[in-house]
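Observations on the model geometry
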Amino acid sequence: MEEEPKAQKISRKKVAVLPWMRNPVDVSLFNKRPLAQLPFLHPRLEAALCSSGIDSLFPVQVAVWQETMGPGSFERDICVNSPTGSGKTLAYALPIVQILSTRAVKCLRALVVLPTRDLALQVRDVFATIAPAVGLSVGLAVGQSSIADEISMLIERPKLEAGICYDPDPESHSVELQSAVDILVATPGRLMDHINNTKGFTLEHLRFLVVDETDRLLRESYQSWLPTVLQCTSSSVDGLFSYVSPSLPSSFGSLKTIRRLGVERGFKSKPYPRLVKMVLSATLTQDPSKLAQLDLHHPLFLTTGKIRYQLPEHLESFKLICEPKLKPLYLVALLQSLQGEKCIVFTSSVESTHRLCTLLKFFGDLGIKIKEYSGHQHQTLRSKTLRGFREGGVQVVVSSDAMTRGMDVEGVKNVINYDKPPYIKTYIHRAGRTARAGNCGRCFTLLDEDEVKQFKKLLKKADIDSCPTYTVPLDSVQSLRSTYNDALEKLKESVEMETFKKQKIGFKSSSKRKR
Ligand SMILES: Nc1ncnc2c1ncn2[C@@H]1O[C@H](COP(=O)(O)OP(=O)(O)OP(=O)(O)O)[C@@H](O)[C@H]1O
């Protein structure tokens, strides 16, 4: 079996980064590896992976596995910076499930936090393909169902034996509530609801905390979810009584559980395990003040190559220069030239997503099914669009940045930046919806002449020197002009109608309130 370097050092330019980031493990030095050659892999996990079509691990997965398995496993926290679509989800899911496969008692031992509900659903599905194989159950806390339904999935009530009834009083201590799940995938808002209000929900036994899309999650505090989770899982003897901050809500009192030191249930005769943190992103922040929030323990940094922002290997970037006024025409001509291949079109806001999608529909039958996806829509509608896109009934999704991060839809061949991305990180995440898992993909950015220089500068930050110009046939643009004028008229009417409807609803609800 070929030996991989354990912690190959990369010589990096001197930049103001934290010391532990200066000598990372270079993921690009690892090769794909067949499951059969993976040391320690539980045979049932191997079988589960094979039956879901995975017969080898990607480099980032091999690197994380190698750094976490075996003697002294998970002694250090893990920080991963690797390109979009490189397989970071399984890179953390597999070692966690493998380690937890030896647990004897069901407790909440792994918590994975993601910024959005759709991402959380996606990650839950990855865990669900492997965890049941070793008897572990996975829960979801994202607010998809009512809080009561969610609680009943997460918390196990003791089964009543004949003739015995338990006290339904939630304050009663005679009823021992237990976790119904070993692994929980959550969004910060719903997680905080459970921390604050759900009886029996405890992070006391937590062994793993995964912060996926770290830089996004660190940017927004979401009711201080991170300090709260860290306080709930604190195991320091000194901090035994000091970690409950006076600013925490009174219901937090139920969480004053202390991570026991010594022997813990389910890990026979082993000391209570330390909480291991795994943080991951394709654009991991290097900002020391942001990273400090994670309170990392002797972190091990894994990154791909020497460039900070790496794009997928088989991604091609193109620019399409067009007159600003005719931008929608160029987009339609481009979509037509792509002949129904799966595309995501990114705009700069939820409003422009809605406007553009409405306008495209007024172009008549383009032979392409186009749907809108944005944070302003109801979750059911978004899920329906996503399902249609995954199944292939929808070929083009026009999206705000709601779809920028992490979303994994098989077969997306093209990403179109209808509006220029404001930051390189936005470009990386948007473009990363294609060319995933080693596949090919193209990213087109529509620009007017004035934006070209700025865009070139932006790409330079990711060391992208080549971004050829893509042209659409001018006659196809010209032939759409009259349809475009009609579509613009219809759009105007539609916008007026929507504004009128909104005002009417606003008027009705304000007069109801007055009554
Ligand atoms: N070992 C593997 N073999 C085959 N396919 C895999 C393997 N690991 C992951 N994949 C597939 O690769 C795709 C990308 O994986 P994943 O979503 O985990 O990437 P990611 O690195 O988290 O991307 P992003 O940064 O965009 O969130 C998924 O469709 C996943 O099913």
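See above for the structure.
Computed from a predicted model, the values in this text were never measured in an experiment.

Further remarks concern the overall build of the protein. If you tally the helices and strands in the protein, you get 16 helices and 20 strands. Taking all 515 residues of the protein together, 52% fall into the buried category. Long-range pairs, those at least 24 residues apart, make up 79% of the contacts in the protein between residues at least 6 apart in sequence. Of the roughly 24900 Å² of accessible surface on the protein, 53% is carried by carbon and sulfur atoms.

Moving on, we come to the sheet that holds strand β9 (residues 183–186). In a beta sheet, neighbouring strands are held together by backbone hydrogen bonds and run either parallel or antiparallel to one another. Across the sheet, 8 strands lie side by side as β1-β14-β4-β13-β10-β5-β9-β6; this open sheet has parallel pairing. Each edge of the sheet is formed by a strand with only one pairing partner; in this case those strands are β1 (25–26) and β6 (138–141). Pairing of strand β5 (residues 110–113) with β9, which is carried by 4 bridges, proceeds in the parallel orientation. Pairing of L111 across the sheet is with L184, part of β9.

What follows covers unusual backbone geometry. Even without being glycine, F74 reaches a positive phi, approximately 55°. Mapping F74 onto the fold places it in the loop between α2 (59–68) and β4 (78–81). Taking relative accessible area as the criterion, F74 reaches 4% and is therefore assigned buried. For Q339, which is not glycine, the phi torsion reads 50° and is therefore positive. Here Q339 lies in the loop between α10 (327–337) and β16 (343–346).

So, on to the pattern of salt bridges. Following the criterion strictly, the structure yields 14 salt bridges and no others. Two residues, R382 and D118, come together in a salt bridge whose shortest N-O distance is 3.7 Å. Pair noted here: R382 is in helix α12 (residues 379–391) and D118 is in helix α4 (residues 117–130), with a separation of 264 residues, a long-range link. A single burial state applies to R382 and to D118, both of which are buried.

Further remarks concern the site of the ligand. Not every one of the 18 residues close to the ligand is listed here, only the nearest: S56, Q61, K88, T89 and D408. Here an oxygen atom of the ligand and a backbone polar atom of S86 are 3.2 Å apart. Here R436 contributes a side-chain N or O atom positioned 2.8 Å from an oxygen atom of the ligand. For the ligand, whose accessible area on its own is 640 Å², the fraction buried by protein is 82%. Here the ligand is seated within the largest pocket. Elements supplying a minimum of two residues to the shell around the ligand: β3 (56–57) and α3 (88–100). Grouping the constituent residues of the shell around the ligand by class yields 5 nonpolar, 8 polar and 5 charged.

For the pair α4 and α12, the least separation of the axes is 11 Å and the interaxial angle reads 50°. Relative to α12, the element α4 is oriented oblique. Here the hand of the crossing between α4 and α12 comes out right-handed. On α12, the residues touching R117, D118 and Q122 of α4 are Q379, R382, S383, L386 and R390. When its residues are assigned to classes, the contact of α4 with α12 shows 1 nonpolar, 3 polar and 4 charged.

As a volume, the largest pocket reaches approximately 1200 Å³. G87, V126, D408, R436 and A437 are the residues nearest the centre of the largest pocket, which is lined by 42 residues in total. When residues of the lining of the largest pocket are traced back to their parent elements, those giving at least two are α3 and α4. Here the element with the most residues in the lining of the largest pocket is α4; it accounts for 6 residues. Residues belonging to the lining of the largest pocket are distributed by class as follows: 14 nonpolar, 16 polar and 12 charged.

This part takes up the pairing of strand β15 (residues 315–321). Along β15, 5 of the 7 residues are buried, which leaves the element largely enclosed by surrounding structure. Note that β15 and strand β20 (residues 441–447) share 7 bridges and pair parallel. Bridge pairing in β20 places L315 opposite G441.

Counting residues in each nonpolar core, the largest one holds 80 residues, and the members touching the most others are Y92, L94, F127, M278 and Y427. With 9 residues, the single largest contributor to this core is α3. If we skip the residues at most four places from it in the chain, L94 touches L38, L41, L45, L49, L57, W65 and I130. Of all hydrophobic cores here, the second largest spans 35 residues; its members include L320, L366, I368 and L491.

Here the focus is the side chain of Q395. Along the chain, Q395 falls in the loop between α12 and β18 (396–399). Of the polar contacts made by the side chain of Q395, one reaches the backbone oxygen of G393; its length is 3.3 Å. Those residues in contact with Q395, other than ones at most four positions away along the chain, are G340, E341, K342, C343, G367, I368, K369 and F389.

Right, let's talk about the packing of aromatic side chains for a bit. The description of an aromatic ring pair rests on the distance of the ring centres and on the angle between the ring planes. In the structure shown here, the tally under the stated rule is 8 aromatic pairs. Judged by centre distance (6.2 Å) and plane angle (45°), the rings of Y92 and F127 are tilted. Note that Y92 is positioned in helix α3 and F127 in helix α4, a separation of 35 residues in sequence. The burial state of Y92 is the same as that of F127; both residues are buried. Among the aromatic residues, those joined into a cluster by ring pairs are F318, F444 and Y470. Lying over the aromatic face of F389, K342 brings its terminal NZ or CZ to 5.6 Å of the ring centre. Here R382 stacks its cationic end above the ring of Y373, 5.6 Å away from the centre of that ring.

Conventions and cut-offs
Residues numbered from 1 in each chain as written. Predicted model: local features only at pLDDT ≥ 70, side-chain atom pairs only at ≥ 80, totals over all residues. Heavy atoms only, no water. Helix = DSSP H or I, 4+ residues; strand = E, 2+ residues; numbered from the N terminus. Buried < 20%, exposed > 50% of the residue type's maximum accessible area, 1.4 Å probe, protein only. Contact = heavy atoms within 4.5 Å. Areas by Shrake-Rupley, 256 points an atom, 1.4 Å probe, with all protein chains shown as cover. Pairing = 2+ DSSP bridges. Salt bridge = Lys/Arg side-chain N within 4 Å of Asp/Glu carboxyl O. Near = heavy atom within 4 Å. Polar contact = N/O pair within 3.5 Å; in protein donor to acceptor, adjacent residues only side chain to side chain. 1 Å grid on protein atoms, 1.4 Å probe; cavity = no way out; pocket = protein on both sides within 12 Å on 5 of 7 lines; lining within 4 Å. Sits in = over half its atoms within 2 Å of the grid points. Nonpolar A, V, L, I, M, F, W, Y, C, P; charged D, E, K, R; others polar. Axes fitted to C-alpha atoms, helices over the stretch in contact; angles between N-to-C directions. Parallel < 35°, antiparallel > 145°, perpendicular 65-115°, else oblique. Left-handed = near helix turned anticlockwise from the far one by under 90°. Points joined across faces, edges and corners; volume = space filled by probe spheres on them. Core = buried A, V, L, I, M, F, W, Y, C linked by side-chain atoms within 4.5 Å. Phe/Tyr/Trp six-rings, centres within 6.5 Å; stacked < 30°, edge-to-face > 60°. Lys NZ or Arg CZ within 6 Å of the ring centre and 35° of its normal.

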